[in-house]
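Residue strings, one per chain:
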Amino acid sequence: MKNRSSIFRAIIIILFSSLFLMSQARQDPMLQEKAELIRMLEDKFDIRDRNIIRALESVDRGDFLPEELKRFAYIDISLPVDGTNVIISYSDLMMAITSLPNTRRENALVIGRNSAFTAAILSFLYNRVYLIELNIASRTRVEPIIRGQYSNITYVFSNNHNHFNVHSPFDLVFINGSISEFTNNYINLLNQNGVVIFALSDRYGFKMLYKATRIGATYNITFLGEVMFPSLN
């Protein structure tokens, strides 16, 4: 009986070891894809900030994707989620993030659809991140991840853009989508030298990314490039 029990335990150990090795073999290509993607982004955007690198290494975009899209997590493209909504590409996100000042990174406000990935990256750069997630349909997929892994993100699933205004002024307002008009309402939410990241849609459907920096009661605008942000209007 003892010999049979030992043989049975050995078979179980071998079986689980084989399953573990098979799982690792499936994961390794993804880890390699992620490492290659990070190296590409470092070179493309001349990333020197270790906090940005740490964010890219730590945050898994696959966590914020439906099951059928997880295999595309480390491809540098915007990915469609819930119909017309998308999670923005790594390059679009890095175009914005690498333009941010290194000083005074206390709090950030993120507004958009499928914006939890953006908020998760920013949670490595800012002490507190407030997220207004406009895509209510993503609640069941995203809410447990944010609640469990990102303790410095405060979030709400709502169409109310003003939900976290009581916590202003912010050092960053990140509009994770394109809008048709930029107004002083966003500037009024900022500290001095605070930044708004936003994309404007032109009449041809192109999305142009800008950074607005508050200077006194007004602001300076810097053009960052063309992006594929989803429309919020």
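In case you missed it, the structure is sitting above this.
Residues numbered from 1 in each chain as written. Predicted model: local features only at pLDDT ≥ 70, side-chain atom pairs only at ≥ 80, totals over all residues. Heavy atoms only, no water.

S.K.: So what exactly am I meant to see when it comes to the pairing of strand β6 (residues 170–179) here?
M.R.: Every regular strand shows the same layout, with side chains that alternate between the two sheet faces. Extensive coverage of β6 is indicated by the burial of ten of its ten residues. As paired strands, strand β3 (residues 107–112) and β6 are joined by five bridges and run parallel to one another. Of the residues in β6, the one forming a bridge with G112 is N176. In the sheet, β6 pairs with strand β7 (residues 190–201) via six bridges, with the strands oriented parallel. Among the inter-strand pairings, L172 is bridged to a residue of β7, identified as V195. (Buried < 20%, exposed > 50% of the residue type's maximum accessible area, 1.4 Å probe, protein only. Helix = DSSP H or I, 4+ residues; strand = E, 2+ residues; numbered from the N terminus. Pairing = 2+ DSSP bridges.)

S.K.: Teacher, can you tell me more about the nonpolar core here?
M.R.: Across soluble globular proteins, you tend to see nonpolar side chains buried next to one another. One finds F64, M94 and L122 to be the most contacted residues of the largest nonpolar core, which totals 53 residues. Residue contacts for L122: discarding those within four places in its chain leaves I97, L100, V110, V129, L172 and F174. Within the second largest apolar cluster, 20 residues are counted, among which are L109, L134, I175 and F198. (Core = buried A, V, L, I, M, F, W, Y, C linked by side-chain atoms within 4.5 Å. Contact = heavy atoms within 4.5 Å.)

S.K.: Help me out: how do you make sense of helix α5 (residues 139–149) in this one?
M.R.: Residues that lie three or four places apart on an α-helix share one face, since the helix turns once every 3.6 residues. All of the buried residues in α5 are R141, V142, I145 and I146. Buried residues of α5 fall within an arc of 100° about the axis and therefore sit on the same side. Facing away from the buried surface of α5 by more than 90 degrees, the exposed residues are T140, R147 and G148. Considering only its buried residues, α5 is in contact with α4 (116–122), β4 (128–133) and β5 (153–157). (Arc of directions from axis to C-beta.)

S.K.: In this structure, what is going on with the packing of aromatic side chains? I would like to understand it.
M.R.: Think of a pair of aromatic rings as described by two things: how far the centres are apart, and how the planes are tilted against each other in angle. One pass over the full model with this rule turns up twelve aromatic pairs. Each ring, one from Y90 and one from F117, has its centre 5.5 Å from the other, and the planes form 75°; the classification is edge-to-face. Taken together, the positions of Y90 in helix α3 (residues 90–97) and F117 in helix α4 put the pair 27 residues apart, joining distant regions of the chain. Residue classification places Y90 among the buried positions, given a relative accessible area of 3%. (Phe/Tyr/Trp six-rings, centres within 6.5 Å; stacked < 30°, edge-to-face > 60°.)

S.K.: Please clarify how the environment of I146 should be interpreted in this entry.
M.R.: By secondary structure assignment, the location of I146 is in helix α5. What makes I146 buried here is its relative accessible area of 2%. With 82 residues separating them along the chain, I146 and F64 place their C-alpha atoms 9.7 Å apart. What I146 contacts, discounting residues up to four positions off in sequence, is A116, L131, I153 and Y155.

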